[in-house]
Amino acid sequence: MVRWSDAIRLAAYFHWKRELNHPGVYEIGFVRDGEFEPKYIGKASVRIFDRLNKHYNEQGSLHVAEYYFDRIRDNLYFHFIVTENYNAMERNLLRRYGIGREGGLYEWNRRYED
C-alpha cells in the first residue's frame, strides 16, 4: 500500500537523497501539534530530490521562495510518496482538496495540473 513518508524538515532534504531518487508526489507545509499541514503539492517525473532542491533554493514555487526569502525561520517540512503514477495522484489530490485562490487546502498552489 502506498502511503506518505513521515514529515521531514525541508532544510534536511539532502540527507534523504537515496529515498528521493525516484519519481513521485510531495507536499510542503508545516507540522503543528504533531500533524502535517500541507500548503503546497508538487510532482516529480524523474527525482523528487531535484524538485525539493529547487524549492529549497528558491527556484520552485513562488510561495515557498517567498517563505525562504528572509530565512528568519526555517519551519517548512515535506513528505512524499514514491510513485510512477505521479500525474494522476497530484491531479486527484488538487481536485479533491482545492487550490489557494479557491480557499482550498493547497494555499500555495495557484493552478490545477493536467
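Starting from 1, residues in each chain are numbered consecutively following that chain's sequence as written. For a predicted model such as this one, the threshold for reporting local features is a pLDDT of at least 70, and the threshold for listing and counting side-chain atom pairs is 80 or more; totals across whole chains, interfaces and linings nevertheless cover every residue. In computing side-chain values, all of the structure's heavy atoms are included and hydrogens and water are not.

## Notes on the pairing of strand β2 (residues 24-32)
Think of it in three bands: residues with accessible area under 20% of the maximum for their type are buried, residues over 50% are exposed, and the middle band is partly exposed, with areas taken using a 1.4 Å probe on protein chains only. Note on conventions: DSSP H or I runs of at least 4 residues are helices, E runs of at least 2 residues are strands, and numbering of each starts at the N terminus. With seven of nine residues buried, β2 is to be regarded as a mostly interior element. Pairing geometry for β2 and strand β3 (residues 35-44), over nine bridges, is antiparallel. Opposite V25, over in β3, you have K43 as the bridge partner. Following β2, the chain reverses through two residues before pairing antiparallel with β3; D33 in that reversal takes a positive phi of roughly 50 degrees. Sheet topology note: the β2/strand β4 (residues 77-82) ladder contains six bridges and is antiparallel. Directly across from G29, in β4, lies its bridge partner Y77. Strands qualify as paired when DSSP identifies two bridges or more between them.

## Some points on helix α1 (residues 48-56)
Those residues of α1 that fall on the buried side of the exposure criterion are I48, F49, L52, H55 and Y56. Summarising the axial view, the buried residues of α1 lie within an arc of 125 degrees, below the 170-degree limit, and thus occupy one face. This arc describes the spread of directions from the helix axis toward the C-beta atoms.

## Regarding the pairing of β4
The side chains of a regular strand alternate between the sheet's two faces. In terms of burial, β4 is a largely internal element, five of the six residues being buried. The pairing of strand β1 (residues 8-9) with β4 spans two bridges and is antiparallel. Across the sheet, the residue bridging to I8 is F78, located in β4.

## Regarding the packing of aromatic side chains
Aromatic rings in a pair are described by how distant their centres are and how their planes are angled relative to each other. For this analysis, a ring pair means two rings from Phe, Tyr or Trp (six-membered ring only for Trp) whose centres lie within 6.5 Å, classed as stacked if their planes differ by under 30 degrees, edge-to-face if by over 60, and tilted for the remaining angles. The final tally for this structure, using the stated rule, is seven aromatic pairs. Here the aromatic rings of Y13 and F14 are separated by 5.7 Å at their centres, their planes lie at 85 degrees, and the arrangement is edge-to-face. F14 gets classed as partly exposed once you look at its relative accessible area, which sits at 44%. Here Y13 and F49 contribute two aromatic rings whose centre-to-centre distance is 5.3 Å and whose plane-to-plane angle is 50 degrees, an arrangement assigned as tilted. Placement of Y13 in the loop between β1 and β2 and of F49 in helix α1 is noted, with a sequence separation of 36 residues between them. A residue is classified by how much of its surface remains accessible, and Y13, at 6% relative accessible area, is buried. Assessed through its relative accessible area of 10%, F49 is described here as buried. Taking NZ or CZ as reference, K17 lies 5.0 Å from the ring centre of F49, over its face. Lysine and arginine charges are scored as sitting over a ring when NZ or CZ, respectively, is within 6 Å of the ring centre and within 35 degrees of the ring normal.

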